[in-house]
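Close look at the chain arrangement
Take a look at the letters that make up each chain.
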Amino acid sequence: MGQVLREWGIEWIRGSIRSYFLGTTSLDMLKGKIRRAIKSYDVKPEEVETITNLLILDPGLNVPKSLREEKAKPLLEYVSQLKSGEKRG
């Protein structure tokens, strides 16, 4: 897999998680994008987890941290399932 495509996949997921925190992307839509990024762009579940945790702490994201933490719980649970192999797309 080309490094450029992989980097694009990581940025795509970062933007999608930001949109989820902002309320413009649903959790189900985000889950589908994550599955696609893992399958097609060689993005690792651990990277999705790291991106999520970094965005929770990002002071530039115009969403209260408490709301980001609340929205991150089901997302991180899903990523944990992906890491353990319970959910395969």
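Attention here is on the structure that accompanies the text. Model, not experiment: these values are computed from the prediction. (Residues numbered from 1 in each chain as written. Predicted model: local features only at pLDDT ≥ 70, side-chain atom pairs only at ≥ 80, totals over all residues. Heavy atoms only, no water.)

Some details on the pattern of salt bridges
All told, the structure shown has six salt bridges when counted by the stated rule. The partner of Arg14 in a salt bridge is Glu11, with the nearest N and O atoms 2.3 Å apart. A residue pair is termed a helical-turn pair when its members lie 3 or 4 positions apart in one helix, as Arg14 and Glu11 do in helix H1 (residues 3-22) at three residues. Using a relative accessible area of 28% as the deciding quantity, one classes Arg14 as partly exposed. The class for Glu11 is partly exposed, based on a relative accessible area of 45%. (Salt bridge = Lys/Arg side-chain N within 4 Å of Asp/Glu carboxyl O. Helix = DSSP H or I, 4+ residues; strand = E, 2+ residues; numbered from the N terminus. Buried < 20%, exposed > 50% of the residue type's maximum accessible area, 1.4 Å probe, protein only.)

Focus: the nonpolar core
The biggest cluster of nonpolar side chains holds 21 residues, and the ones touching the most others in it are Ile13, Ile17, Phe21, Ile34, Val48 and Leu75. Mapped onto this core, the elements with two or more residues apiece are H1, helix H2 (27-41), helix H3 (45-57) and helix H4 (65-83). Non-local contacts of Leu75, meaning those with residues more than four positions away in its chain, are made with Ile17, Tyr20, Leu27, Leu30, Ile34 and Thr52. (Core = buried A, V, L, I, M, F, W, Y, C linked by side-chain atoms within 4.5 Å. Contact = heavy atoms within 4.5 Å.)

Thoughts on H4
Its 19 residues place the ends of H4 25 Å apart at the C-alpha level, agreeing with the 27 Å of an ideal helix rising 1.5 Å per residue. At Ala72, H4 shows its maximal bend, which comes to roughly 35°, and the proline Pro74 appears one to four places after that position. Residues of H4 that are buried include every one of Arg68, Lys71, Ala72, Leu75, Tyr78, Val79 and Leu82, and no others. Along its buried surface, H4 packs onto H1, H2 and H3. Where H4 terminates, the next one or two residues include Gly85, which has phi positive at roughly 80°. (Expected span 1.5 Å × (residues − 1). Bend = angle between axes of the 7 residues up to and from the residue.)

Description of the packing of aromatic side chains
Enumeration over the complete set of coordinates arrives at four aromatic pairs. Here the aromatic rings of Trp8 and Trp12 are separated by 5.5 Å at their centres, their planes lie at 20°, and the arrangement is stacked. Of this pair, Trp8 and Trp12 are both found in helix H1, four residues apart, which corresponds to roughly one turn of the helix. For Trp8, a relative accessible area of 45% puts it in the partly exposed group. Arranged with centres 5.9 Å apart and planes meeting at 40°, the rings of Tyr20 and Phe21 form a pair that is tilted. Among the aromatic residues, ring-to-ring pairing joins Trp8, Trp12 and Tyr41 into one connected group. (Phe/Tyr/Trp six-rings, centres within 6.5 Å; stacked < 30°, edge-to-face > 60°.)

From the geometry alone we can't say anything about function, so treat these as descriptive.
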